[in-house]
Amino acid sequence: MKALSKSVGDELGGTALNVRVAREDEVPAFDAQLGEHHYLGAGQAVGDYLRQIVERAGQPVAQLVWGPACYALKDRDRWIGWSVPHRVPRLKLIVQNRRFLLLTAKGEEPNLGSQVLGAVLRALPDQWQARFGYTPLLAESFTDPEAHAGTCYKASNWEPVGWSAGYRRHRADFYVPNDRPKRLWLRALRPGARGHLRAVTVPADCQGGLVAPPAGLLPLKLAEMDSLAQTMRHAPDPRDTNTQYHIGPVLTLVAMALLAGRREIAEIVRFATTLTQTQRRRLRLPRKRGTRAFYKVPGYDVFYQVLTRMDPEVFATLLNDWLQARAGSLPQALALDGKMIRDHIGLLSLVQHEDGVPHAVAVYDQKEGTERCELTAATALLEKLPALDGQLITADPLHNQRKHARTIVEKGGDYLFQIKENQPRLFKQAKGLDALQDTPFLPTPRPPMGGWKSAGCIPSPSNR
């Protein structure tokens, strides 16, 4: 296989660094070098895996390995601001720096580490696209604070966003605590990467990295699914009594699909088909005649009939009571937003910012113009909430209403509403504030450049 290489403008001693992908015949020697000189060894190649060699004047000066990102990292996922349904299909758009080995003597070239990282980050997106057919948006890495200060990451504009949980892998599916959490670093590979990761659609050159959620992926644990199914069995059935699919399992599937971010009837149907046979059996779906353990799921017509004939207030009340019973204390930040399932039912949700988990729901008919519009539903939803002391409610411009703001403040909370031209006077006032040199709401202190302390020169081999 022909190696992919890219010469970059970083120069050390007047010679540019060349970043290239290791050829297949170089892999054994590459891994042997890591195994001998890197404190973590060579590691195992899993998933999309890229080995980079950095050369200067034809001589290698560094080796880096990139691979799949961690499945779930609390601090990373909070920094991105995406939900679980967003993360699962887009996780491949994050790549992890798994190994970084400098091939020079320790302390010989103190700036080499940051120079190499800057060079490889510019080469990485194109090389990844050429090798795997999609462009990543974000890079992640870890440093052990007991061994490395992470100076080269800081110097090449990586952002420290938190820590790992402090566990090590004991077996393929089992972790044990080691009391040594690692610092987590993130680096956007293009402007606006964070927004792209949580947007409705990703850029065209990134779509090759999207994967379908695995079959049986649920937004709930099995015990929670059983509890929700038990709750939904109390809903009245608007159809004829002689039905193949009982109302409880059907509404449970609708509720779980909504919690997983599905908003179209066809998406609800596809969600239902991903359930495993065990999950279908627990929901008490009908077994196909002539089989021993194959359980059927409803089709489009069944969901359509239920959604168009049922009393949405009953469904919302059951789901809302179930959510409230399990929500515990309110999270620190909640987002208020409404989505329509076609033109049949609108679901207004108050969800947790961190992972998109709903805290309360209400139903509505249309955005505006009816007695049960989204604004009216939002008013009723906010009024039913308990005290909001210390909580922040965010919402889009539709909910930028005096009544909503007053309700939140009276309950002890704060609000952050978007503004658009639908309120021209307020929009003009906000534009005037935006023209000021410093915002009057959130002044940002500027620490001195020398305020960040770090250890001395970069150790070799460097972290990860």
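What counts, and where the lines are drawn
- Residues numbered from 1 in each chain as written.
- Predicted model: local features only at pLDDT ≥ 70, side-chain atom pairs only at ≥ 80, totals over all residues.
- Heavy atoms only, no water.
- Helix = DSSP H or I, 4+ residues; strand = E, 2+ residues; numbered from the N terminus.
- Buried < 20%, exposed > 50% of the residue type's maximum accessible area, 1.4 Å probe, protein only.
- Contact = heavy atoms within 4.5 Å.
- Areas by Shrake-Rupley, 256 points an atom, 1.4 Å probe, with all protein chains shown as cover.
- Phe/Tyr/Trp six-rings, centres within 6.5 Å; stacked < 30°, edge-to-face > 60°.
- Lys NZ or Arg CZ within 6 Å of the ring centre and 35° of its normal.
- Axes fitted to C-alpha atoms, helices over the stretch in contact; angles between N-to-C directions.
- Parallel < 35°, antiparallel > 145°, perpendicular 65-115°, else oblique.
- Left-handed = near helix turned anticlockwise from the far one by under 90°.
- Nonpolar A, V, L, I, M, F, W, Y, C, P; charged D, E, K, R; others polar.
- Salt bridge = Lys/Arg side-chain N within 4 Å of Asp/Glu carboxyl O.
- Pairing = 2+ DSSP bridges.
- Right-handed = clockwise from strand over helix to strand, strands pointing away.

Q: Can you break down the overall build of the protein chain residue by residue, with the values?
A: From N to C terminus, the protein chain includes 15 helices and 15 strands. Across the 464 residues of the protein chain, 45% fall into the buried class. Contacts spanning at least 24 positions in sequence make up 65% of the contacts within the protein chain whose residues lie at least 6 apart. Summed over all atoms, the accessible surface of the protein chain reaches about 24400 Å², with 51% contributed by carbon and sulfur.

Q: How would you sum up the packing of aromatic side chains? Please name residues and give values.
A: Across all of its chains, the model carries six aromatic pairs by this definition. The interplanar angle of 55° and the centroid separation of 4.6 Å between the aromatic rings of Trp 128 and Phe 132 together place this pair among those described as tilted. Pair noted here: Trp 128 and Phe 132 are both in helix H4 (residues 112-132), with a separation of four residues, about one helical turn. Judged by relative accessible area, which is 1%, Trp 128 ranks as buried. Looking at Phe 132, the relative accessible area reads 23%, which means it is partly exposed. Among the aromatic residues, those joined into a ring-pair cluster are Trp 128, Phe 132 and Tyr 134. Between Arg 87 and the ring centre of Tyr 71, over which it is positioned, the NZ or CZ distance is 4.6 Å. Geometry around Phe 294 places Arg 280 over its ring, the cationic atom sitting 5.9 Å from the centre.

Q: Before we move on, can you summarise the packing of helix H9 (residues 265-273) against helix H11 (residues 300-309) with the specific residues and values?
A: Viewed as axis vectors pointing N to C, H9 and H11 meet at an angle of 125°, and their least axial separation amounts to 9 Å. Considered as vectors, H9 and H11 are oriented oblique to each other. As H9 runs across H11, the sense of the crossing is right-handed. Between H9 and H11, the residues in contact are Ile 265, Ala 266, Ile 268, Val 269 and Ala 272 and Tyr 300, Phe 303, Tyr 304 and Leu 307, respectively. For the contact of H9 with H11, a count of residues per class yields nine nonpolar, no polar and no charged.

Q: Could you give me a rundown of the pattern of salt bridges, with the residues and numbers involved?
A: Scanning the model with the defined rule gives 13 salt bridges in all. Linking Glu 26 and Arg 20 is a salt bridge whose minimum nitrogen-to-oxygen distance equals 2.8 Å. Both residues of the pair, Glu 26 and Arg 20, count as buried. The salt bridge involving Arg 51 is made with Asp 31; its shortest N-O contact spans 3.1 Å. With Arg 51 in strand S3 (residues 50-56) and Asp 31 in helix H1 (residues 27-37), this pair connects stretches of sequence that are 20 residues apart. Given a relative accessible area of 21%, Asp 31 falls into the partly exposed group.

Q: Quick rundown of the pairing of strand S5 (residues 94-102)? Include the residues and the values.
A: Where burial is concerned, most of S5 is hidden: nine out of the nine residues are buried. Pairing of strand S4 (residues 59-68) with S5, which is carried by seven bridges, proceeds in the antiparallel orientation. Among the inter-strand pairings, Pro 68 is bridged to a residue of S5, identified as Val 95. In this view, the connection linking S5 to its parallel neighbour strand S6 (residues 138-143) by way of H4 has right-handed handedness.

Q: Give a description of the packing of helix H8 (residues 247-259) against H9 that names residues and reports values.
A: Following both chains from N to C, one finds H8 and H9 inclined at 105°, their axes separated by 9 Å at the closest point. One element, H8, and the other, H9, form an angle in the roughly perpendicular class. Contacts between H8 and H9 involve Leu 253, Val 254, Met 256 and Ala 257 from the former and Ile 268, Phe 271 and Ala 272 from the latter. Of the residues contributing to the contact of H8 with H9, the split by class is seven nonpolar, no polar and no charged.

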